[in-house]
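What follows is each chain in one-letter form.
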Amino acid sequence: MSHAGHRYGTVEELQDDYNILVKPNKDLDDVDEETKEETIRKTREMADIAHRNGAVNLGRRIGCTGRGDAYEKVMGWKSTQGFYSAFTDKNRVKEILKEYKALDYGISVVAGGLIEEIFDICREIELKPHTILYSLGIWGKTELLPERAYLKITTRCGHHMISPEMVDHYVERIKDGSITPEEAGRKLAGPCVCGIFNVPKTVEEIKRMAGK
Amino acid sequence: MIIDQETCIGCGDCVFTCTVKAISLNDEKADIDRDRCVECGNCLRIAECPTDALQQDELEYPRVWRKYFSDNQQKWPDHVRFSTGFGRGTEECKTNDRTGRFKQGQVGVLVELGRPGVTASFADAEKIVGSLIQAGVEMEEKSPITALLQDKEKGLFPAELRAERVLSCIVEGKVKIERLESALKVIQEVSQKIDTVFSLGLVTRMQDGFTSPIAPIIEKMGLETRPNAKINLGLGKPLVED
């Protein structure tokens, strides 16, 4: 899922798009039943904080809220796999990270977004970034790439399960009035169960594409 | 994937769900181009086929590797399962504050072939792996791509795997920071020889939280990092400091 670091767009286009990943480690947190239960409890508490603070998507392998799955269903799954989430509000992200710091649960937390914005948050609440995955962009036969208008949307799914053709399909349905932009946003989030797909940002863009 | 031509009614509702444009409507029936299909399973999950004509056929080696690399819902087989069992690579920076896989002075190199939206073959991946090995990049042992290598010194996959296509795959390794420049030069060269794209990621420990030790190397080479990134916030415990 390293593609969460490769979301496509200009600085302006990447604003208001943040991810928080809460990631237990298999070798450290799944060693015995007691540790596993403790990890599941802590992960749930951290997910509750994200959910309460306006996560626009929150997911795990079994589903995600961005496509309409109930939060209780997503987090009801007893697993040490952690969760991934998406946000549009920097202040909410800051509040969540502040709470995580205070909880001090020792589970790894990753933030995705514009580097300078995340750094600002870290300085403000006194977090010290440990490791960064930098993107050096796309190399090779770039002439094969979909158009950038699509890439802005499709790279919001780390596994690229959302194709330009899916975007076109739902834009056409918005145009003919058979679906609302919000419903289309949820449909597009469907294949991206991880929960990092930013639905409201996508809704804004497909509305524009549909001339609405 | 297959589409049962007897039961398909040609409604076309599956065409848009394909991640790689492998489904088309011909003679009022939907059809799958099996060479192009990467077995991601998106059509089966998203399209609401009214006659259940869309079906997952039993996949055999080597085709089954398309599915493992392309379907984000498909669990890896035991011998290449290193993390949660899903996804296409390792935990890269995500848990590095606790695992310390990347230490100070080391740089993780992640070449994500086929992304975004182009697909890649194992032949493409082999070119990248071989070049990285020659450049002194230590391949990540706990990565599905490394596990599939038949010759780990030369970076060769089994011959029958080379033509198989996947939605994407991640070639992962790490290199000492002193050798990063030469590794990046090799990556620049090999990027001209592949039939796909890749997203390039570099993983580095930070100095004092906010200073990137690789920034001067990237700048010297005239390269640029994108303005966005994935940042491990150092909240893990016990925290790896070295």
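Residues numbered from 1 in each chain as written. Chains lettered and ligands numbered in written order. Predicted model: local features only at pLDDT ≥ 70, side-chain atom pairs only at ≥ 80, totals over all residues. Heavy atoms only, no water.

## So, the state of the cysteines
Turning to step 1, where the next piece is worked out: This structure, assessed with the given rule, holds zero disulfides over all chains.
Turning to step 2, where the next piece is worked out: With no disulfide of its own, A:Cys122 has B:Cys93 as its nearest cysteine by sulfur position, at a separation of 13 Å.
Turning to step 3, where the next piece is worked out: Look at A:Cys122 and you get buried, because its relative accessible area is 0%.
Turning to step 4, where the next piece is worked out: Counting only cysteine sulfurs, B:Cys18 is the nearest neighbor of B:Cys37, a cysteine outside any disulfide, at a range of 6.6 Å.
Turning to step 5, where the next piece is worked out: Here B:Cys37 falls in the buried class, since its relative accessible area comes to 7%. (Disulfide = S-S within 2.5 Å. Buried < 20%, exposed > 50% of the residue type's maximum accessible area, 1.4 Å probe, protein only.)

## Observations concerning the domain arrangement of chain B
By a frequent convention, interface size equals the accessible area lost on bringing the separate parts together.
Residues and elements named next belong to chain B.
Turning to step 1, where the next piece is worked out: By the assigned domains, chain B splits into domain 1 (2–58) and domain 2 (83–220).
Turning to step 2, where the next piece is worked out: At the boundary of domain 1 with domain 2, total buried surface from both sides reaches about 320 Å², with 75% on carbon and sulfur atoms.
Turning to step 3, where the next piece is worked out: Of all residues in domain 1, Thr19, Val20 and Val38 bury the most surface against domain 2, accounting for 76% of the area lost on that side.
Turning to step 4, where the next piece is worked out: For the interface between domain 1 and domain 2, the tally reads zero salt bridges. (Domains from an automatic or database assignment. Buried area = accessible area lost by both parts, 1.4 Å probe. Salt bridge = Lys/Arg side-chain N within 4 Å of Asp/Glu carboxyl O.)

## Describing the packing of helix α3 (residues 33–52) of chain A against helix α5 (residues 90–103) of chain A
Residues and elements named next belong to chain A.
Turning to step 1, where the next piece is worked out: The contact between α3 and α5 brings their axes to 9 Å, and the two run at 160°. On the basis of the axis angle, α3 is roughly antiparallel to α5. The handedness of the crossing between α3 and α5 is right-handed. Contacts between α3 and α5 involve Glu45, Met46, Ala47, Ile49, Ala50 and Arg52 from the former and Arg92, Ile96, Glu99, Tyr100 and Leu103 from the latter.
Turning to step 2, where the next piece is worked out: Residue classes in the contact of α3 with α5 are distributed as seven nonpolar, no polar and four charged. (Axes fitted to C-alpha atoms, helices over the stretch in contact; angles between N-to-C directions. Helix = DSSP H or I, 4+ residues; strand = E, 2+ residues; numbered from the N terminus. Parallel < 35°, antiparallel > 145°, perpendicular 65-115°, else oblique. Left-handed = near helix turned anticlockwise from the far one by under 90°. Contact = heavy atoms within 4.5 Å. Nonpolar A, V, L, I, M, F, W, Y, C, P; charged D, E, K, R; others polar.)

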